[in-house]
Amino acid sequence: MIFLYPYAFLLLLFLPLFFRKENKIDINPKIIVNKESNKFKKIFLALGYIFLVIALARPVTDKKEISTNMNLKKVALALDISRSMLAEDVYPNRLKFAKHKMNQFIDKFNGEIAILGFSNSTFLISPYTTDKNTLKYLLNNINDNYITSSGTDLQNLINTAKKMGYKDLVIFTDGGSVKNLDTKGINLYALLIGTKQGAPIKLKNGNLLMNKGKVVIVKRDDNFLKYVKFGVVAKAGNSDINELISQNFQKVKSSKKIVVYKELFMYPLWLGLLSISLGFFSISNLKRIIPIFVLMMGIQTNASMLDWHYLNQAKEAYQKGNYQKSAKFYKKIDNDEAKFNAADSLYKMKRYKEAQEIYNQIKDKKLSEKVEYNKGNCYAKMNKIDAAIKSYKNALKINPNDKDAKYNLELLEKKKQQHKQHKQNKNNKRHNKQNKSQKNHKQQNKENQKNNKSNQNKSQKNTKKQNNSKKKNKNNKQKDNQNKQNKKQSQQQKNEKQQQYNKLAAQKRVNKKELKNIKPIKIGINKNANQKIFNKIKSKTLLYPLSKGKNDEKNEW
């Protein structure tokens, strides 16, 4: 363990001040001073002071040097959030399409990126950073609730960017009519969203925006392009973003070594605060204070340090095949991606029902296709074929190009058809057996009637005694014959049941073999998984205006 700021220990020179003697003046002789309690208070205050000094010295461990290639290029992206961006001449609307293009730019660009939002005023969404996951998270949380203005003040945006020191600014907008635009000291680039034909604006209540009794049609305004260094109209695909980056933002890299530590300052910090608080309270209040601090420490560590620790432990356990440990750590994090990974671990342990229950708790739309696919696998392993087919169909609605989902769906549909055919064959066999048994009974009754008639004729010829003895003998023989026939029939039925059972068992084995051919679940664990989950733990950034433009109530259309 080393200290990054060892000079902080000079503050310990003031430690004797806690133990200096005080001149006491008795104001009221009835007040009795407890000397022992004063000593304990001084000791606690001194300990707290020592712990705080240690925290200020910043203790660290596990010093490592990492060599990285850094891109020195910096770009600011500005998103138009005026009302005209709700027009639906591009799918699904201009605002969402612009966000999609900005996400493409973030993926392609290697360097630091800042994000601004603007209409009549300019807002900071994110300062310069290379953390692409955080940029995307903040960008995707912008929706039409942020749209409060129908105007676009481009000059205000440029002035704000200059004040913040931005030199390269890419504007994602549907344009605007500008007479004079001061662009000195900044490089402007534009990606225009929308069509020249335009489209109406759909409001939240479903109605179209009206102006003087007429539907407002907003068109893309290309007049803004004469002030920019490079401008291009947004298209489907990523050719427009590739052209923008390749022609204007060349890679400027430099190798640099970064020193990484494991911070330990939080432990003496909490101990110091606890000791100081104990110094200000009496010993009798000790039972009340300690639980409060334990709770505060638990909340703090849960939100930061322990979450990161759990993520590392869970990922390492998963990679080593210790799925039980992995699921245990992922369950401790209240996050959809962590839940997804926990369910994956349970699936690997063949605890399909528990995995399916956790998949049902996930609400993140980005994971919805994987969740539905994995739920289908869980249902299939539990032999719930109908539920599995439904889940695979839901997955294909979200992503029709998922080959694994198509394969599993076709496999289970074939299995379902085979099961139906087997049921039909089984029912047909039952009907045939019933018909055969009825025919046999009728034949036996006819034969019995014939035998009875012949016996009656013979009995008339013979004497009564002989007739009685013969009747008895014949009856006994008939009973024996009937018993033999019944035994044969029962044996035949047993043999047939055994054959049916063997067939069903064989079919079940075939079904199990078929289920082994199901494509595996979608795995959420990858190199960036922990970083993604950790970014979700961060609180949402509150948007506040950096600068306000003119309160222009004129409609931009």
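This structure is a prediction, so every number in the text was calculated from the model and none was measured.

## Digging into the packing of aromatic side chains
Here is step 1: Summed over the entire model, instances satisfying the criterion amount to nine aromatic pairs.
Here is step 2: Plain terms: the ring middles of Tyr-128 and Tyr-166 are 5.0 Å apart, the flat faces sit at 70° to each other, and that makes the pair edge-to-face. Remark: Tyr-166 occurs in the loop between helix 4 (154–163) and strand 6 (168–173) and Tyr-128 occurs in strand 5 (residues 121–129); sequence separation between them is 38 residues.
Here is step 3: On the accessibility criterion, Tyr-128 (23% relative accessible area) is partly exposed.
Here is step 4: Ring pairs connect the aromatic residues Phe-105, Phe-109, Tyr-189 and Phe-249, which therefore count as one cluster.

## A few points about the pattern of salt bridges
Here is step 1: Scanning the entire structure with this criterion turns up twelve salt bridges.
Here is step 2: Between Lys-101 and Asp-240 there is a salt bridge; the shortest N-O distance is 3.2 Å. Of this pair, Lys-101 sits in helix 2 (residues 94–108) while Asp-240 sits in helix 5 (residues 239–248), and the two are 139 residues apart along the sequence.
Here is step 3: On the basis of relative accessible area, Lys-101 is assigned to the buried category, the value being 1%.
Here is step 4: Exposure remark for Asp-240: the relative accessible area of 1% places this residue in the buried category.
Here is step 5: Between Glu-372 and Lys-375 there is a salt bridge, and its shortest N-O distance comes to 3.7 Å. Placement of the pair is Glu-372 and Lys-375 together in helix 12 (residues 368–381), with a separation of three residues, close to one helical turn.

## Considering the pairing of strand 6
Here is step 1: By the criterion of burial, strand 6 is predominantly enclosed, with six of the six residues buried.
Here is step 2: Pairing analysis gives four bridges linking strand 3 (residues 74–80) to strand 6, with the strands arranged parallel. From the neighbouring strand, Leu-79 faces strand 6, where its bridge partner is Phe-172.
Here is step 3: Relative to strand 7 (residues 187–192), strand 6 runs parallel, the two sharing six bridges. Counted as the bridge partner of Asp-168 is Asn-187 from strand 7.

## Overview of a positive patch on the surface
Here is step 1: Residues Lys-320, Lys-325, Lys-328 and Lys-332 make up a contiguous surface patch of positive charge.
Here is step 2: Mapped onto the elements, Lys-328 comes out in helix 9 (residues 323–330).

## Notes on the nonpolar core
Here is step 1: In this structure, Leu-77, Phe-105, Val-170, Phe-172 and Phe-249 are the most contacted members of the largest nonpolar core, which totals 42 residues.
Here is step 2: Considering every element that reaches this core, the biggest residue donor is helix 2, with six residues.
Here is step 3: The contacts of Phe-105, once residues within four sequence positions are left out, are Val-75, Leu-77, Ile-113, Val-170, Phe-172, Ile-241, Leu-244, Ile-245 and Phe-249.
Here is step 4: Core analysis: the next-biggest nonpolar cluster, separate from the first, contains 21 residues, Ala-78, Leu-157, Leu-169 and Phe-224 among them.

## Description of a nonpolar patch on the surface
Here is step 1: A cluster of nonpolar side chains, contributed by Tyr-7, Leu-10, Leu-11, Leu-13, Phe-14, Leu-17 and Leu-56, occupies part of the molecular surface with about 810 Å² of accessible area.
Here is step 2: Structurally, Leu-13 can be placed in the loop between strand 1 (2–3) and helix 1 (35–56).

## Description of the pairing of strand 5
Here is step 1: Sheet topology places strand 4 (residues 112–118) next to strand 5; five bridges connect them, and they run antiparallel. Paired with Phe-118 across the strands is Thr-122, a residue of strand 5.
Here is step 2: Between strand 4 and strand 5, which pair antiparallel and follow one another directly, the connecting turn spans two residues.

## A few points about the environment of Val-260
Here is step 1: Summarising the element assignment, Val-260 is placed in strand 13 (residues 253–263).
Here is step 2: Residue classification places Val-260 among the partly exposed residues on the basis of a relative accessible area of 35%.
Here is step 3: Expressed as a C-alpha distance, the spacing of Val-260 and Thr-61, which sit 199 residues apart in the sequence, is 9.3 Å.

## Remarks on the packing of helix 12 against helix 13 (residues 385–398)
Here is step 1: Put simply, helix 12 and helix 13 touch, their axes get as near as 8 Å, and they point 160° apart. On the basis of their axis angle, the class for helix 12 and helix 13 is roughly antiparallel. Handedness of the crossing formed by helix 12 with helix 13: left-handed. Mapping the contact onto sequence places Ser-368, Glu-369, Glu-372, Tyr-373, Lys-375, Gly-376, Asn-377, Tyr-379 and Ala-380 in helix 12 and Ala-387, Ala-388, Ser-391, Tyr-392, Asn-394, Ala-395 and Ile-398 in helix 13.
Here is step 2: Across the contact of helix 12 with helix 13, the residue classes tally to eight nonpolar, five polar and three charged.

## Considerations on the packing of helix 11 (residues 352–361) against helix 12
Here is step 1: Between helix 11 and helix 12, the shortest axis-to-axis distance is 9 Å and the interhelical angle comes to 155°. The angle between helix 11 and helix 12 places the two elements in the roughly antiparallel class. The way helix 11 lies across helix 12 gives a crossing that is left-handed. Where helix 11 abuts helix 12, its residues Tyr-352, Ala-355, Gln-356, Tyr-359 and Asn-360 lie against Val-371, Asn-374, Lys-375, Cys-378, Tyr-379 and Lys-381.
Here is step 2: Its residues assigned to classes, the contact of helix 11 with helix 12 shows six nonpolar, three polar and two charged.

## Things to note about helix 11
Here is step 1: Three or more residues of helix 11 are buried, namely Tyr-352, Ala-355, Gln-356, Ile-358 and Tyr-359. Summarising the axial view, the buried residues of helix 11 lie within an arc of 165°, below the 170-degree limit, and thus occupy one face.
Here is step 2: Residues of helix 11 that are buried make contact with helix 10 (336–348) and helix 12.

## Overview of unusual backbone geometry
Here is step 1: Cis geometry is adopted by the peptide bond preceding Pro-92, which originates at Tyr-91 and carries an omega value of -10°.
Here is step 2: Its location among the elements puts Pro-92 in the loop between strand 3 and helix 2.
Here is step 3: Within the chain, Arg-58 stands out as a residue other than glycine whose phi angle is a positive 60°.
Here is step 4: With respect to the helices, strands and loops of the structure, Arg-58 is situated in the loop between helix 1 and strand 2 (59–71).
Here is step 5: For Arg-58, a relative accessible area of 26% translates into the label partly exposed.
Here is step 6: Non-glycine residue Asn-383 carries a positive phi angle of around 65°.
Here is step 7: Turning to its location among the elements, Asn-383 is positioned in the loop between helix 12 and helix 13.

What counts as what
Residues numbered from 1 in each chain as written. Predicted model: local features only at pLDDT ≥ 70, side-chain atom pairs only at ≥ 80, totals over all residues. Heavy atoms only, no water. Phe/Tyr/Trp six-rings, centres within 6.5 Å; stacked < 30°, edge-to-face > 60°. Helix = DSSP H or I, 4+ residues; strand = E, 2+ residues; numbered from the N terminus. Buried < 20%, exposed > 50% of the residue type's maximum accessible area, 1.4 Å probe, protein only. Salt bridge = Lys/Arg side-chain N within 4 Å of Asp/Glu carboxyl O. Pairing = 2+ DSSP bridges. Patch = residues over 30% accessible without salt bridge, like charges linked within 9 Å, V, L, I, M, F, W, Y side chains within 5 Å. Areas by Shrake-Rupley, 256 points an atom, 1.4 Å probe, with all protein chains shown as cover. Lys, Arg positive; Asp, Glu negative; His and termini not counted. Charge placed at Lys NZ, Arg CZ, Asp CG, Glu CD. Core = buried A, V, L, I, M, F, W, Y, C linked by side-chain atoms within 4.5 Å. Contact = heavy atoms within 4.5 Å. Axes fitted to C-alpha atoms, helices over the stretch in contact; angles between N-to-C directions. Parallel < 35°, antiparallel > 145°, perpendicular 65-115°, else oblique. Left-handed = near helix turned anticlockwise from the far one by under 90°. Nonpolar A, V, L, I, M, F, W, Y, C, P; charged D, E, K, R; others polar. Arc of directions from axis to C-beta.

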